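Commentary on secondary and tertiary structure
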Amino acid sequence: MTTRSTSADFVTAFSTGWPENQPEIMVLSLTTHKGIQDFALTKEQALLVAKTIKQTAAQLAKPST
């Protein structure tokens, strides 16, 4: 089992796209200060990730000023 860090890196940029020779997958690229990480997702996975992010984002507290 992989040991997970208790801290997270902020995403500074992201992009999505798909390879011309594999139109059935989406590539999600996330950029942090450590570099770029690419993830390949099926349509079903991409829709689930989007749904989960939307639900989680709705529950976030407002930033303190």
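Everything here concerns the structure above.
The paragraphs below set out a description of the structure included in this document. Everything quoted here is computed from the prediction, not taken from an experiment.

Attention shifts here to the sheet that holds strand E3 (residues 35-42). Reading across from one edge, E1-E2-E3 is the order of the three strands in this open sheet, with antiparallel pairing throughout. Each end of this open sheet is capped by a strand with a single partner; those strands are strand E1 (13-17) and E3. Across this sheet, the average inter-strand angle for adjacent strands is 15 degrees, counted without regard to direction. Packed on one face of the sheet, helix H1 (residues 43-58) meets strand E2 (25-32) and E3 and runs near 115 degrees to E3.

Turning next to the side chain of Thr-32. You can see Thr-32 is positioned in strand E2. When residues no more than four places from it in sequence are discounted, the contact partners of Thr-32 are Asp-9, Phe-10, Val-11 and Thr-12.

This next bit is on the layout of surface pockets. Counted as a void, the largest pocket has a volume near 250 Å³. The wall of the largest pocket is formed by Ser-5, Ser-7, Ala-8, Asp-9, Val-11, Leu-30, Thr-32, Lys-34, Gly-35, Ile-36 and Gln-37. Where the lining of the largest pocket is concerned, the elements lending two or more residues are E2 and E3. Looking at the lining of the largest pocket residue by residue, the class counts come to four nonpolar, five polar and two charged. Together, Val-11, Phe-14, Thr-16, Met-26, Leu-28, Leu-30, Leu-41, Ala-46, Val-49, Ala-50 and Ile-53 line the second largest pocket. For the lining of the second largest pocket, the secondary structure elements donating two or more residues are E1, E2 and H1. Among the elements that take part in the lining of the second largest pocket, H1 stands out by supplying four residues, more than any other. The residue inventory of the lining of the second largest pocket, partitioned by class, reads ten nonpolar, one polar and no charged.

Here we come to the side chain of Ser-29. Mapped onto the elements, Ser-29 comes out in strand E2. Apart from residues lying up to four places away in sequence, Ser-29 is in contact with Ala-13, Phe-14, Ser-15, Ile-36, Gln-37 and Asp-38.

Moving on: the environment of Ile-53. Counting through the fold element by element, Ile-53 comes out in helix H1. Using a relative accessible area of 53% as the deciding quantity, one classes Ile-53 as exposed. Once the C-alpha coordinates of Ile-53 and Leu-28 are considered, the two residues, 25 residues apart in sequence, prove to be 14 Å apart.

Definitions and limits used
Residues numbered from 1 in each chain as written. Predicted model: local features only at pLDDT ≥ 70, side-chain atom pairs only at ≥ 80, totals over all residues. Heavy atoms only, no water. Pairing = 2+ DSSP bridges. Helix = DSSP H or I, 4+ residues; strand = E, 2+ residues; numbered from the N terminus. Axes fitted to C-alpha atoms, helices over the stretch in contact; angles between N-to-C directions. Contact = heavy atoms within 4.5 Å. 1 Å grid on protein atoms, 1.4 Å probe; cavity = no way out; pocket = protein on both sides within 12 Å on 5 of 7 lines; lining within 4 Å. Points joined across faces, edges and corners; volume = space filled by probe spheres on them. Nonpolar A, V, L, I, M, F, W, Y, C, P; charged D, E, K, R; others polar. Buried < 20%, exposed > 50% of the residue type's maximum accessible area, 1.4 Å probe, protein only.

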